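Residue-level structure breakdown
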Amino acid sequence: MKKVLTIAGSDSSGGAGIQADIKTMTMHGVYAMSVITALTAQNTTGVRAIYPVSAEFLKQQIDSVFEDIRPDAIKIGMVSTPEQAEIIAERLEFYKAENIVTDPVAVSTSGSELSTAETYEVLKNKIFPLSVLITPNIPESEKISGMKIDTPEDMVKISEYISGKYRCSVLCKGGHLKENADDFLYSEGKGKWYRGERLTDKELHGTGCTLSSAIASNLAKGYTLEKSVQSAKKYISDCIESVSDIGHGSKPLNHMKGVL
C-alpha cells in the first residue's frame with residue numbers, strides 16, 4: 001500500500017485541513033498519515049481560534065513518521081509560523097522527501113488569515129523549491145507573485161513567473177474567476193488547461209485541501225503529474241456535485257461520493 005503524509009492544520013468541523021486530507025487519501029486507497037501544524041477552533045461559518053504547535057513538536061512528529069513509515073508523497077497545507085516553515089523545509093530536505101505537493105494556504109474560505117507574511121516568505125524560498133507542485137488559487141497566486149489576475153491570460157503569465165522563480169510546477173486554480181472553474185498547470189516549460197464548469201453557486205469549504213491531497217495520492221500511486229491533476233479534478237467535481245447541506249456556512253464536500 002502506498003503511504004501519503006499530510007502536514008497541515010486540524011479543522012474541528014471536519015471539512016478542511018487534516019480531516020479533509022485523510023478522508024480524501026482514504027478514498028484514493030492510500031495509507032494516510034498526519035503531522036499537525038495547528039489546532040483550530042472552527043466550523044463552516046469561520047475560524048474562532050488558532051493554536052499552533054511548537055516547531056520542536058512539529059519536528060518530533062515529522063521524525064516519528066519518517067523513521068518508521070516513509071511516505072511516498074506529501075501534502076503540505078496550513079503552516080502557521082516561520083519557525084514551522086523552517087523546520088518543515090529542513091526535515092523534508094534531510095529525509096530527501098519525494099512528491100511534495102504544497103497548497104500555499106493564506107486565508108480560509110471565511111476570510112481568516114492562516115499564514116503570516118513572514119511565514120509566506122519561508123514557504124516561497126524554502127518549501128516551494130522542494131515541491132513537485134504548488135496549488136495556489138488566484139488570491140494566493142497574486143500574493144506569491146505580487147501581480148494581479150483578472151483574466152485567464154494573467155493566470156498563464158503568473159504561473160510561468162512563479163514556476164521560473166521558485167523552480168516548481170504550478171497549478172493555478174481559477175475558481176475565483178466568474179466565467180468558469182478552469183485551472184492552469186505550468187510544468188517544465190509547458191502549459192495545460194484543465195477545463196471545469198462551475199457546478200454550484202454555494203460557497204464551499206475544503207476544496208483546496210481536497211484537491212491537493214488527491215493529487216498527492218495520485219502521485220504516490222505512480223501517476224504522472226498531468227494524470228494526477230486530471231484524476232484529482234474529476235474526484236473533486238464528483239465531491240462538489242453531491243455537496244452536503246451540513247452546517248450554516250460554507251458547505252463541506254461529500255468526500256465519500258468520489259470513489260476511485
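Please refer to the structure higher up on the page.
What counts and how
Residues numbered from 1 in each chain as written. Predicted model: local features only at pLDDT ≥ 70, side-chain atom pairs only at ≥ 80, totals over all residues. Heavy atoms only, no water. Helix = DSSP H or I, 4+ residues; strand = E, 2+ residues; numbered from the N terminus. Rg over C-alpha atoms; globule rule 2.2 N^0.38 Å. Buried < 20%, exposed > 50% of the residue type's maximum accessible area, 1.4 Å probe, protein only. Contact = heavy atoms within 4.5 Å. Core = buried A, V, L, I, M, F, W, Y, C linked by side-chain atoms within 4.5 Å. Pairing = 2+ DSSP bridges. Polar contact = N/O pair within 3.5 Å; in protein donor to acceptor, adjacent residues only side chain to side chain. Disulfide = S-S within 2.5 Å. Axes fitted to C-alpha atoms, helices over the stretch in contact; angles between N-to-C directions. Parallel < 35°, antiparallel > 145°, perpendicular 65-115°, else oblique. Left-handed = near helix turned anticlockwise from the far one by under 90°. Nonpolar A, V, L, I, M, F, W, Y, C, P; charged D, E, K, R; others polar.

Some remarks on the overall build of the chain
Scanning the chain from terminus to terminus reveals eight helices and eleven strands. Its C-alpha atoms give the chain a radius of gyration of 17 Å, near enough to 18 Å, the size a compact globule of 260 residues would have. Considering only C-alpha atoms, the chain reaches an extent of 45 × 40 × 35 Å along its principal axes. Of all 260 residues assigned to the chain, the portion counted as buried reaches 56%. Of all intrachain contacts in the chain linking residues separated by at least 6 positions in sequence, the fraction that spans at least 24 positions is 67%.

What about the nonpolar core?
Grouped together as the largest cluster of nonpolar side chains are 38 residues, with contacts concentrated most on Leu5, Ile7, Phe66, Ile74, Ile76, Ile88 and Leu92. Filtering out sequence-adjacent residues up to four positions away, Ile76 remains in contact with Ile7, Ile88, Leu92, Ile100, Val101, Thr102, Asp103 and Ile127. With 26 residues, the next largest nonpolar core counts Val30, Leu204, Ile236 and Cys239 among its residues.

Observations concerning the sheet that holds strand E5 (residues 100-102)
Pairing is mixed in the open sheet, where nine strands are placed in the order E3-E2-E1-E4-E5-E6-E7-E8-E9. Each end of this open sheet is capped by a strand with a single partner; those strands are strand E3 (46-52) and strand E9 (190-194). Summarising the sheet, strand E6 (residues 133-134) and strand E7 (residues 169-173) pair through two bridges and their orientation is parallel. Counted as the bridge partner of Leu133 is Ser169 from E7.

Some details on the environment of Tyr235
When you line up the elements, Tyr235 lands in helix H8 (residues 225-241). The exposure class assigned to Tyr235 is buried, which follows from its relative accessible area of 0%. When the C-alpha positions of Tyr235 and His28 are compared, they lie 9.3 Å apart, and in sequence the two are 207 residues distant.

Brief notes about unusual backbone geometry
The backbone of Arg167 sits at a positive phi, close to 60°, despite the residue not being glycine. Here Arg167 shows up in the loop between helix H6 (152-166) and E7. A relative accessible area of 60% means that Arg167 is categorised as exposed. Even without a glycine there, the phi angle at Glu188 is positive, about 50°. Its place among the elements puts Glu188 in the loop between strand E8 (183-187) and E9. For Glu188, a relative accessible area of 75% puts it in the exposed group.

Re the side chain of Lys251
Inspection of the secondary structure puts Lys251 in strand E11 (residues 251-252). Within polar-contact distance, the side chain of Lys251 engages the backbone oxygen of Gly247 at 2.7 Å.

Re the state of the cysteines
The full count for this structure, using the stated rule, is zero disulfides. Cys209 takes part in no disulfide bond, and the closest cysteine sulfur, belonging to Cys239, lies 13 Å away.

Some points on helix H5 (residues 138-145)
For H5, the tally of buried residues reaches six of eight residues, placing the bulk of the element in the interior. Within the sequence span of H5, burial applies to Ile138, Glu140, Ser141, Glu142, Ile144 and Ser145. The backbone nitrogen of Glu140 has a side-chain oxygen 2.9 Å away, supplied by the residue at the start of H5, namely Asn137. Following H5 by one or two positions, Gly146 adopts a phi angle in the positive range, close to 75°.

Observations concerning the packing of helix H3 (residues 82-94) against helix H4 (residues 117-127)
Contact geometry of H3 with H4 gives a least axis separation of 8 Å together with a crossing angle of 15°. Comparing the axis directions of H3 and H4 gives the class roughly parallel. In terms of crossing hand, the pair formed by H3 and H4 is right-handed. On H4, the residues touching Pro82, Ala85, Glu86, Ile88 and Ala89 of H3 are Glu118, Thr119, Val122, Leu123, Lys126 and Ile127. A per-class count over the contact of H3 with H4 returns seven nonpolar, one polar and three charged.

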